[in-house]
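Report on the structure
Given next are the chains, with one letter for each unit.
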Amino acid sequence: MSDKFFKDTYALDTPQATHAHYQKWASSYDAEVGAHGYATPGRVAEALWSKLPEPQTPILDYGCGTGLSGVALRAAGFEVIDGIDPTPKMLERAEAKEVYRKLSTFEITDPNPLEKGVYKAVTAIGVIGTGAAPPEVFDMLMHALPKGGILGFSFNDHTLADASYTSRLNDWLDMGAARLLFREYGPHLPGMDLKSDVYIVEKA
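A brief report on the enclosed structure follows. Keep in mind it's a predicted model, so treat the numbers as computed, not measured.

Their axes nearest at 8 Å, the elements helix α7 (residues 136-144) and helix α9 (residues 163-174) cross at an angle of 35°. Classified by chirality, the crossing of α9 by α7 is right-handed. Contacts between α7 and α9 pair E136, F138, D139, M142 and H143 from the former with R168, L169 and W172 from the latter.

Glancing now at the sheet that holds strand β4 (residues 121-124). Read across the open sheet, the seven strands follow the order β3-β2-β1-β4-β5-β7-β6; overall the sheet is mixed. Each edge of the sheet is formed by a strand with only one pairing partner; in this case those strands are β3 (102-104) and β6 (178-189). Strand after strand, the sheet turns through a mean of 20° between neighbouring axes, direction not considered. Note that strand β5 (residues 150-156) and strand β7 (residues 194-203) share seven bridges and pair antiparallel. What sits directly across from G152, in β7, is I200. Contacts from helix α5 (residues 68-76) reach β1 (59-62), β2 (81-84) and β4 within the one sheet, and its direction differs from that of β1 by about 150°. On the sheet, α7 packs against β1, β4, β5, β6 and β7 and is oriented at approximately 165° with respect to β5.

One non-glycine residue, E98, lies in positive phi territory at about 55°. Following the sequence through the fold, E98 ends up in the loop between α6 (88-96) and β3. Accessibility expressed as a relative area gives 70% for E98, which makes it exposed.

All right, on to the nonpolar core then. Y62, I128, L141 and F153 are the most contacted members of the largest nonpolar core, which has 27 residues in total. For this core, the secondary-structure elements that each account for two or more residues are β1, β4, α7, β5, α9 and β7. The dominant element in this core, judged by the number of residues it contributes, is α7, at six residues. Grouped together as the second largest cluster of nonpolar side chains are 24 residues, I59, C64, V99 and V198 included.

Glancing now at the pairing of β4. The side-chain alternation of β4 yields two buried faces, one formed by A121 and T123 and the other by V122 and A124. Of the pairings in the sheet, the one linking β1 to β4 comprises three bridges and is parallel in character. In the strand pairing of β4, D61 is matched with T123. Bridge analysis of β4 against β5 gives four bridges, and the strand direction is parallel.

Let us look at the pattern of salt bridges. Between side chains of opposite charge, a pair can form as their charged atoms come close. As enumerated under the stated definition, the model contains seven salt bridges in all. Where E202 meets R179, a salt bridge forms, and the shortest distance between an N and an O atom there is 2.2 Å. A residue pair is termed long-range when its members are at least 10 positions apart, and E202 in strand β7 and R179 in strand β6 qualify at 23 residues. In the salt-bridge network here, residues are joined through shared partners; they are E136, D139 and R168.

The subject of this paragraph is the packing of helix α4 (residues 40-51) against α5. Where α4 contacts α5, the two axes come as close as 8 Å, and the packing angle between them is 40°. Between α4 and α5, the angle falls in the class oblique. Like other packed secondary-structure pairs, α4 and α5 cross with a definite hand, here right-handed. Where α4 approaches α5, its residues P41, G42, A45, E46, L48 and W49 are matched on the opposing element by L68, S69, A72, L73 and A76. Counted by class, the contact of α4 with α5 contains eight nonpolar, two polar and one charged residues.

To continue, consider the side chain of K203. Along the polypeptide, K203 turns up in strand β7. Notably, K203 is buried but unbridged: the nearest opposite-charge side chain belongs to D139, and the N-O separation is 10 Å. Of the polar contacts made by the side chain of K203, one reaches the backbone oxygen of H143; its length is 3.4 Å.

Reading guide: rules and limits
- Residues numbered from 1 in each chain as written.
- Predicted model: local features only at pLDDT ≥ 70, side-chain atom pairs only at ≥ 80, totals over all residues.
- Heavy atoms only, no water.
- Axes fitted to C-alpha atoms, helices over the stretch in contact; angles between N-to-C directions.
- Helix = DSSP H or I, 4+ residues; strand = E, 2+ residues; numbered from the N terminus.
- Left-handed = near helix turned anticlockwise from the far one by under 90°.
- Contact = heavy atoms within 4.5 Å.
- Pairing = 2+ DSSP bridges.
- Buried < 20%, exposed > 50% of the residue type's maximum accessible area, 1.4 Å probe, protein only.
- Core = buried A, V, L, I, M, F, W, Y, C linked by side-chain atoms within 4.5 Å.
- Salt bridge = Lys/Arg side-chain N within 4 Å of Asp/Glu carboxyl O.
- Parallel < 35°, antiparallel > 145°, perpendicular 65-115°, else oblique.
- Nonpolar A, V, L, I, M, F, W, Y, C, P; charged D, E, K, R; others polar.
- Lys, Arg positive; Asp, Glu negative; His and termini not counted.
- Polar contact = N/O pair within 3.5 Å; in protein donor to acceptor, adjacent residues only side chain to side chain.

Shape descriptors only; they carry no functional weight alone.
Quick look at the structure:
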């Protein structure tokens, strides 16, 4: 199986390039990440459930892609999951998995696609990082949460090596604007020897 899409991912540097890349990758995405043992969705979902074991609390799966994160959230115990992603072809794949209550799209250049305070819990699994969403998306998701709301997300090894991402998280924690409930370093794509940090953060 070709890893062409993987190789190109970490070089993407504009929203338009990112959008086009994921549109083209949609049809083979699940097979490619599955072949490398994509572990992060299950790890984030289980960590979130450990802090919020509420099956009926609606979860927003931001950057849901083909729905692998939604499948993981459902397996962890969540029953009301909404997905949002800027890539229509990815959303077609997500819809076919039948784990989402509703799916919607947004313009990848929209700096603020979410209404504030609608969801108590948001996930961004494999979303914020090099070759995907920029660091500002972390701020946007935190601002969209209500006080006491929870964000479950991950930073892979490429992203952990880029201080512009980790500094966003640390700014929130250092200012007391958020509390770190969970952090664990573990497998991301074992077949590529990549790992990720999984986080659960509560808005103060």
